[in-house]
Amino acid sequence: MSPPVAPPGWSRWLVPPAALSVHLSIGQAYAWSVFKPPLESALGLSGTQSALPFQLGIVMLGLSAAFGGTLVERSGPRWAMTVALVCFSSGFLLSALGASLEQYWLIVFGYGFVGGIGLGIGYISPVSTLIKWFPDRPGMATGIAIMGFGGGALIASPWSAQMLESFGSDSGGIALAFLVHGLSYAVFMLLGVLLVRVPRTEKPVADGPSVLAGPQVSARSAVRTPQFWCLWLVLCMNVTAGIGILEKAAPMITDFFADTSTPVSVTAAAGFVALLSAANMAGRIGWSSTSDLIGRKNIYRVYLGVGALMYALIALFGDASKPLFILCALVILSFYGGGFATIPAYLKDLFGTYQVGAVHGRLLTAWSLAGVLGPLIVNWIADRQEEAGRHGASLYGLSFVIMIGLLVVGFVANELVRPVHPRHHVPQPKEADRVQQSESA
């Protein structure tokens, strides 16, 4: 399924809305914590168990992006958005069936495995197209689209909470909420499928001049460079630190202030999730646009260095001040979102626009590990601390210290990034065409 080529005079500013329709939908994943308490209550699950669909979804996001990246480059964004629509919506429908039958494994399979494939393919579907439409401002362009993924929970969190309140938080109510999600997102994502276009210069003419300019590195060569693995580590550490809060956001803020005179209600906790989503979304466009001005390495110094400071403030003083806790969490989530939106432009700077979508897909395997590592650290430690008789903020102190250490590791990895050695460059446009043909075969 090839997307229609944009006619002469077609505005490039129609591409970001097409990408947003997909990213706002699959960004629902960040509202998973709203479903955790009802699932734990209805199906008798622990915090670690209720995180499994989300964790598997992030694992499949990275794996499907890595293995499907080259295919997305070859088949185009419309094909990728269609696959994402089918998988993501089907995942919700399978989860609805699993909740109705009280078969948790089916929720894990539907939301985590099938839906996770939709997450991965949908996430990378517009990236290379946006960079080709906006070569002058790649950070801003990818930030506009990818902010939708961060902002998805801004819509999904209160929407999901309202459905659970209306339908009930038992297994039947959860099933109905999943069903409504699946059908609604299918319609919304279809808008992006119909709207997306590629620039007329996307594909080089076979015997004519190539549109590729500047140093270019193929996806196969990119993964053999130290720069790729430094960025892999940078992304993994930044994502682990952010997702550790995001996945458990609603129960975390409830636990932090449970023993105070101003406990946090369920509704307020859902509002906190929505605030985090807003920060995640704002960071994706704000920080990525800033990276166009100050450079990618400098902006990651901010993400990782200041992020470690924010975690330290929460660990030391978070339970004493609700505004401080919320402010630090919002800053961390803005860096988390900014890191995602900036990484495609960082890759473009190092490896060029040639096969940047495929390189990006391979790099997202870092997200797969982080999607397991972040929730596992926070949930497993919290469960063990609770078994030891601790409560409140003390459930999270150790996990926050670990997050600080991981951010420091990411900071060091970012400092090691250097320009790619010319031996990895595709030397000539015609050679680039031959490499692309051989790697697509």
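Coordinates for the structure precede this section.
Residues numbered from 1 in each chain as written. Predicted model: local features only at pLDDT ≥ 70, side-chain atom pairs only at ≥ 80, totals over all residues. Heavy atoms only, no water.

1. Description of the packing of helix H14 (residues 296-317) against helix H18 (residues 397-415)
For any two helices packed against each other, the geometry is given by the interaxial angle and the distance between the axes. Note the cut-off: Lines fitted to C-alpha atoms define the axes here, with helix axes fitted over just the stretch in contact, and angles between the N-to-C directions of these axes take values from 0 to 180 degrees. We count a stretch as a helix when DSSP gives it H or I for four or more residues in a row; a strand needs E for two or more, and each element gets its number in order from the N terminus. Between 65 and 115 degrees an angle is taken as roughly perpendicular, under 35 as roughly parallel, over 145 as roughly antiparallel, and anywhere else as oblique. Crossings are classed by handedness, with left-handed meaning an anticlockwise turn of the near helix from the far one by less than a right angle and right-handed meaning a clockwise turn. The criterion used for residue contact is that any of the two residues' heavy atoms lie within 4.5 Å.
Remark: H14 packs on H18, axes separated minimally by 9 Å, with the N-to-C direction vectors making an angle of 165°. In terms of axis orientation, H14 runs roughly antiparallel to H18. Relative to H18, the crossing made by H14 is left-handed. On the side of H14, the interface is formed by Lys-297, Tyr-300, Arg-301, Leu-304, Gly-305, Gly-307, Ala-308, Tyr-311, Ala-312, Ile-314 and Ala-315, while H18 contributes Phe-400, Met-403, Ile-404, Leu-407, Gly-410, Phe-411, Asn-414 and Glu-415.

2. Focus: the environment of Ala-66
Let me state the cut-off plainly: Here's how the labels work: a residue is buried when its accessible area is under 20% of the maximum for its type, exposed when over 50%, partly exposed in between, all with a 1.4 Å probe on protein chains only.
On the secondary structure map, Ala-66 appears in helix H4 (residues 52-75). Judged by its relative accessible area of 13%, Ala-66 is buried. For the pair formed by Ala-66 and Gln-227, sequence separation is 161 residues and the distance between their alpha carbons is 17 Å. In this view, Ala-66 contacts Gly-361, Arg-362 and Thr-365; residues no more than four positions away in its chain are not counted.

3. Some thoughts on unusual backbone geometry
Positioned with a positive phi, Glu-102 is a non-glycine residue whose angle comes to about 60°. With respect to the helices and strands, the residue Glu-102 is situated in the loop between helix H5 (77-101) and helix H6 (104-124).

4. Quick look at a nonpolar patch on the surface
Here is the rule we go by: Like charges within 9 Å and nonpolar side chains (Val, Leu, Ile, Met, Phe, Trp, Tyr) within 5 Å are joined into patches, using only residues over 30% in relative accessible area that form no salt bridge. Surface accessibility follows the Shrake-Rupley procedure with a 1.4 Å probe radius. Residue values consider only the protein chains on display as shielding. Take a side-chain nitrogen of Lys or Arg and a carboxyl oxygen of Asp or Glu: if they are within 4 Å of each other, that pair is a salt bridge.
Together, Leu-93, Phe-167, Leu-176, Leu-179 and Leu-183 make up a nonpolar patch on the protein surface, roughly 390 Å² of accessible area in all. Top element by residues in the nonpolar patch is helix H9 (residues 171-195). It accounts for 3 residues. Note on placement: Leu-179 falls in helix H9.

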